[in-house]
Amino acid sequence: MESMTRSIGIFGVQQGVGVTTLSIAMTRYCSRRLKNRTALVELSGNHELEELQCQRCSGRHHAVREHYFANARCEDMAEIAGCGCEYQVLDLGSEFYRIRSEFLRCDRKVIVVSLVPWKRKELDYFMSAIYREERMGDGVTFLAQFGKKEDKKDFQKTYGVPIFTLPYLGDILHLTDADVEFLCKLI
């Protein structure tokens, strides 16, 4: 009997909000704590996983349950799905239109945002034009690491969706108990 792969899509409305960091942490959590074969698929086009992949392959901490697909394309997803992993964590970066079909297919959808004033325009555009257009509704978790409590309350009131705090994930290769507790709730 085949095991069903669960997918977690992590998308950032703005650049630099921690999508890759959260994706790596989630991969580590699924593989090391949950003891599941986990694929980390970089669809962002940012080429940020190449170095981690090189370190992982040449380092002494080779994890057999972690599989990295740096610089993948949407066309590669069928092949990646056949790798036999219980979890797929998709690092989707911040280009929604290019990767939206993959994000919308995910079992678990996480949207990371910044609430700082100079990035609010991008967030408001996404929420008014894209979020509502795609009818994402339930099943999406919003996270913000940057922004004041007042901004968080304003966001929740304006758009009617809860937003949770993304804690600082210091050393994502060595998760703390607090990191594990957060990731457990997120999954």
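In case you missed it, the structure is sitting above this.
This is a predicted model, so every value here is computed, not measured. For every chain, the first residue of the written sequence is number 1, and numbering continues from 1 onward in sequence order. For a predicted model such as this one, the threshold for reporting local features is a pLDDT of at least 70, and the threshold for listing and counting side-chain atom pairs is 80 or more; totals across whole chains, interfaces and linings nevertheless cover every residue. Note that water and hydrogens are dropped before the side-chain values are worked out from all heavy atoms of the structure.

Points about the side chain of Arg-120
This is how the line gets drawn: Runs of H or I in DSSP of at least four residues are treated as helices and runs of E of at least two as strands, each being numbered from the N terminus. Burial classes: relative accessible area under 20% of the type maximum marks a residue as buried, over 50% as exposed, and values in between as partly exposed (1.4 Å probe, protein chains only). Any two residues whose heavy atoms approach within 4.5 Å are treated as being in contact.
Counting through the fold element by element, Arg-120 comes out in helix α5 (residues 120-131). Among the residues examined, Arg-120 registers a relative accessible area of 14% and is labelled buried. When near neighbours in sequence (up to four residues on either side) are disregarded, Arg-120 contacts Asp-151, Asp-154, Phe-155 and Tyr-159.

Considerations on the pattern of salt bridges
The test is simple: Basic side-chain nitrogens of Lys or Arg form a salt bridge, by our definition, when they fall within 4 Å of a carboxyl oxygen of Asp or Glu.
Applying the stated criterion across every chain, the model contains nine salt bridges. The salt bridge involving Arg-32 is made with Glu-66; its shortest N-O contact spans 3.2 Å. Of the two residues, Arg-32 is situated in helix α1 (residues 19-33) and Glu-66 in strand β3 (residues 66-69); the sequence distance between them amounts to 34 residues. Judged by relative accessible area, which is 0%, Glu-66 ranks as buried. Linked through salt bridges whose partners overlap, the residues forming this network are Arg-28, Arg-32 and Glu-66.

Comments concerning the nonpolar core
Where we set the bar: To define a nonpolar core, start from buried Ala, Val, Leu, Ile, Met, Phe, Trp, Tyr and Cys residues and group those joined through side-chain atoms within 4.5 Å.
Counting 30 residues, the largest nonpolar core has Phe-11, Ile-111, Val-113, Phe-126, Met-127, Phe-142 and Phe-155 as its most contacted members. Looking at this core, the elements with two or more residues in it are β2 (38-42), α3 (77-81), α4 (96-105), β5 (108-114), α5, β6 (140-146) and α6 (149-159). If you tally residues by element for this core, the top one is α5, at five residues. Contacts of Met-127, omitting those with residues within four sequence positions, involve Arg-132, Phe-142, Phe-155, Tyr-159 and Val-161.

Structural notes on the packing of α5 against α6
Heads up, the rule is: Helix axes are fitted to C-alpha atoms over the stretch in contact, other axes to C-alpha atoms as well, and angles between N-to-C directions run from 0 to 180 degrees. In these notes the angle categories are as follows: under 35 degrees is roughly parallel, over 145 is roughly antiparallel, 65 to 115 is roughly perpendicular, and the rest is oblique. For any pair of crossing helices, the crossing counts as left-handed if the nearer helix is rotated counterclockwise from the farther one by less than a right angle, and right-handed if it is rotated clockwise. Only Asp, Glu, Lys and Arg are considered charged in this grouping, and only Ala, Val, Leu, Ile, Met, Phe, Trp, Tyr, Cys and Pro are considered nonpolar; every other residue, Gly among them, is considered polar.
The geometry of α5 relative to α6 is characterised by a closest axis approach of 12 Å and an angle of 20° between their N-to-C directions. Between α5 and α6, the angle falls in the class roughly parallel. In this structure, α5 meets α6 at a crossing whose hand is right-handed. In this structure, α5 contributes Arg-120, Leu-123, Asp-124, Met-127 and Ser-128 to the contact, and α6 contributes Asp-151, Asp-154, Phe-155 and Tyr-159. Along the lines of polarity and charge, the residues of the contact of α5 with α6 split into four nonpolar, one polar and four charged.

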